[in-house]
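Summary of structural features
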Amino acid sequence: MTAGIAVAGHAWRHCLSHAENGEYIEYDLPGGAAMVAAILSGDALPARSLKKPAVRHTRLKRGKADGSGWFVDRHDGWTRGDTLIAPPTEGDTVVLWDEGFGGIEVPDDQRPILWASNQVIPNAKIIGAIRDRAFIMLDADVLRRAGVMISRQVSWERTATDFVWQVANNSTIAHLRDARFLLVTFAEDGAICFDVDGTPTLCLSHGEEEGSLRDNGEVPDVWAVMVARAATAFHELAGRPDFSYSMAASVPQMVFGAQQLARHGYDLEVLRGGDLRGLLGDGWPPGAGSVEEVPVSRQGGEADPNYWRLADFAWTSVFGAAFEYAKFGVGAVLELPRLTLGGLTTVDRQEIEAFQNVKNLILEYVASTTTRPLCLAVFGAPGSGKSFGVTEIAQSVLPGGVDRLAFNVSQFSGVNDLTAAFQKIRDSALTGKLPLVFFDEFDSDRDGRPLGWLKSFLMPMQDGLYRDATDYHPIGRCVLVFGGGTKATLQEFVWPLGLDPRSTEEETRSSVQEFRSAKAPDFVSRLRGTVDVVGPNRQGAQDTAYLLRRAVLLRSICRRRLTTWDHREPVLPVNDDIVRAMLLVPAYKHGARSMEAVLDMSRIRGSSLEPADLPSEAQLRLHVDAQAFFRLLLVETLFGSVAEDIAQEIYEQESYPESVLMRRLARPWAELAQEHRDFFLARARHIPMQLAEVECGFDVRQWCADPDTSFPTVNAFSEEEIARLARMEHERRRRERSDSGWPLEEGDMDPVAKALTSIEMVPWEGLGSDVQDRYRHDAEQIIHLLDAVGLRIYRIT
């Protein structure tokens, strides 16, 4: 057993079996606390074995994917026996595995204790006895079974928010706050940590939903693997002052072995070999995963007042995350929360939660026996892709079992058209497939009456019946999706009910009457789920996730349009300048359709998309601000065209010893030797990299038009940004001098080189305050330098 760790608690023997060539082959393994001890030591049993252990019998089956791993087929019950291992007296730390059977002795010798359970919540008395040395590790489902409301598979932000709020306000688990450290795991995908001060931290090893690795089935020892990993980290870190941070940072490593086991199942070679350390799998790559504090209030009131997004914290620049995703796919941003269902991928929290809700509703509907339709509504601007997301969800839930039908209500000339539509739906349902029916522009006028078609949908939605000239007929089981044509969001659709504070009392009274006359409240009451599809355009100053939405759309469109692209190669074969322009252009006039149109109009020749393949300015003007798009596309070229002007401005304005010396010699820029001008050019060309370091970019400043991007102009850098810019420039000059063979012999130096002293080779921390101040001054001047040549600096937020 690993030195210093004592394992105790509930244990048993685990008899795994499977059929092979008509015979049953059995594997006798330890279970529970005994399994944790075996994983830590490599021994089949812990030091203090059970006299007559209980035995759990489990039948295995091959996994669905490649058939190499083995998963639970069924549990065949227990053979009675002892389940308790008493705590050893040796060991610096103690692991107590609790399954709720009782009888566990808590050592009173002040050793740190890891209390782990995926079955029960420790009671207040236990935590009270060990509160100063207790590390509590629980599976989230233990809390859910106890009635604690923590969402599942909605979004990681929502799950974290629910948990933090429940710990602060739910009396059932309030005593958990008394533990020194609380770790709650969510399947094998991540965890939330609380230290003694109650600071919540969300730790993810990937961005997919909770339980996303369990498609093949159950692997009972996944929890034991996580506890063993946690025990090792706990033992190593228990006495350190940075215990809380280090434990949180170790979570991705802790869950990775469990992920491998959950995804691939039991390896029979490991079971035959008897060395159960093999269940731990490979190590986690250093630096992988994300560890972020949960920025929500935990004191009553609204649980998530600011609707935070992990993407805003996991990356210093959302643009950086968006660019990396567009170019390199999911592998570049594994820690970002995301939802992928069929061809649908989204990394926007709002869309993730809405689409997850739709997915759960469809799954529940498919599993139910109801004969009424499932009714959903989708809102979004034209071209936002309202029908695409729901279609992909349904087809991923029921591969091959969905029949998609679509009707545009604005084209209906009368009730006969609606009757014919429901007849088609009924015919489809009789084939055995699930009709997925889109009624686009359901909120169209009818004979001049606003929302005039809503009344005709009420009976089919509520009773599953439609009426023709002869009688009432059942529609059959189906999913009815109503796509809004006049409103971009559900809130805009229902504002006559008083949800829009901008309207006057008279406007509200009139609109409410009109809304109710159209039976719109009855229509809304029959909906079971709604989605607001945001699309690729920015929805206000606080919406930074639009960059991520654009990145996902761009990559998805390219997968369909670039037919020569081998999708097994993750790098998007699109020029970096095009990717930047597609992400940063102010707006797409027709939403996602415009993004697709830019690619459709391009001449895709060969295996990549280059600037020369793009459509003309006149064509682009139909879908984007063409001038802004081309300036963004050519921003580096534009910068190169003014780089010498910036270099001259540096020479004339900044405080470099070289420029001071040459101005004293009264040498104008045009008379400088090229090697001296190159010195200042190198400084100028370094500016874009400095700006990227502080999450800023630049574009053309237009005096009579909108800027090229919708980002705010930077008029001054913060003190922290100035310090980072100054340090970067100093490091560049150190590298430059080092690469040129500094120090040179005295006879090799020209007058300019002599103006520099060896102080330039000193690390930043060793520079005098006067030299550091000179670098800071030059950093402050960057905004002026670019402004002088017609460029503006903006902050990418």
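Placed above this text is the structure.
Residues numbered from 1 in each chain as written. Predicted model: local features only at pLDDT ≥ 70, side-chain atom pairs only at ≥ 80, totals over all residues. Heavy atoms only, no water.

A few points about empty space enclosed by the protein
- A full pass over the atoms with the stated rule returns 2 cavities of 30 Å³ or more.
- Here the largest cavity is characterised by a volume of approximately 90 Å³.
- Contributing to the lining of the largest cavity are Gln153, Val154, Ser155, Trp156, Thr159, Gly207, Glu209, Glu210, Pro337, Arg338, Ile352 and Gln356.
- Contributing elements (two or more residues each) for the lining of the largest cavity: α4 (156-169) and α11 (349-367).
- Residues that form the lining of the largest cavity fall into these classes: 4 nonpolar, 5 polar and 3 charged. (1 Å grid on protein atoms, 1.4 Å probe; cavity = no way out; pocket = protein on both sides within 12 Å on 5 of 7 lines; lining within 4 Å. Points joined across faces, edges and corners; volume = space filled by probe spheres on them. Helix = DSSP H or I, 4+ residues; strand = E, 2+ residues; numbered from the N terminus. Nonpolar A, V, L, I, M, F, W, Y, C, P; charged D, E, K, R; others polar.)

What about the nonpolar core?
- Ile39, Leu114, Met137, Leu183, Val227, Tyr266 and Leu279 are the most contacted members of the largest nonpolar core, which totals 63 residues.
- Per element, the largest residue contribution to this core is 12 residues, and it comes from helix α5 (residues 222-237).
- When near neighbours in sequence (up to four residues on either side) are disregarded, Leu279 contacts Met35, Ile39, Val225, Gly257, Leu261, Tyr266 and Val270.
- By size, the runner-up hydrophobic cluster in this structure holds 43 residues, among which are Cys558, Leu562, Leu572 and Val579. (Core = buried A, V, L, I, M, F, W, Y, C linked by side-chain atoms within 4.5 Å. Buried < 20%, exposed > 50% of the residue type's maximum accessible area, 1.4 Å probe, protein only. Contact = heavy atoms within 4.5 Å.)

Some thoughts on the pattern of salt bridges
- Applying the stated criterion across every chain, the model contains 30 salt bridges.
- For Arg158, the salt bridge identified is with Glu353, shortest N-O distance 3.0 Å. Separated by 195 residues along the polypeptide, Arg158 in helix α4 and Glu353 in helix α11 bring together distant segments of the chain.
- Classification of Arg158 as partly exposed rests on a relative accessible area of 29%.
- In this structure, Arg683 engages Glu729 in a salt bridge whose closest nitrogen and oxygen atoms are separated by 3.7 Å. Of this pair, Arg683 sits in helix α25 (residues 674-685) while Glu729 sits in helix α27 (residues 719-739), placing them 46 residues apart in sequence.
- A relative accessible area of 1% means that Arg683 is categorised as buried.
- By relative accessible area, Glu729 is classed as buried at 2%.
- When salt bridges that share partners are traced, they join Asp141, Arg144, Arg152 and Glu210 into one network. (Salt bridge = Lys/Arg side-chain N within 4 Å of Asp/Glu carboxyl O.)

Some words on the environment of His623
- Along the chain, His623 turns up in the loop between α21 (617-620) and α22 (626-633).
- Discounting chain neighbours no more than four positions away, the residues touching His623 are Ala587, Tyr588, Lys589, His590, Ser594, Ala597 and Met601.

Scope: geometric values only; no functional claims are made or implied.
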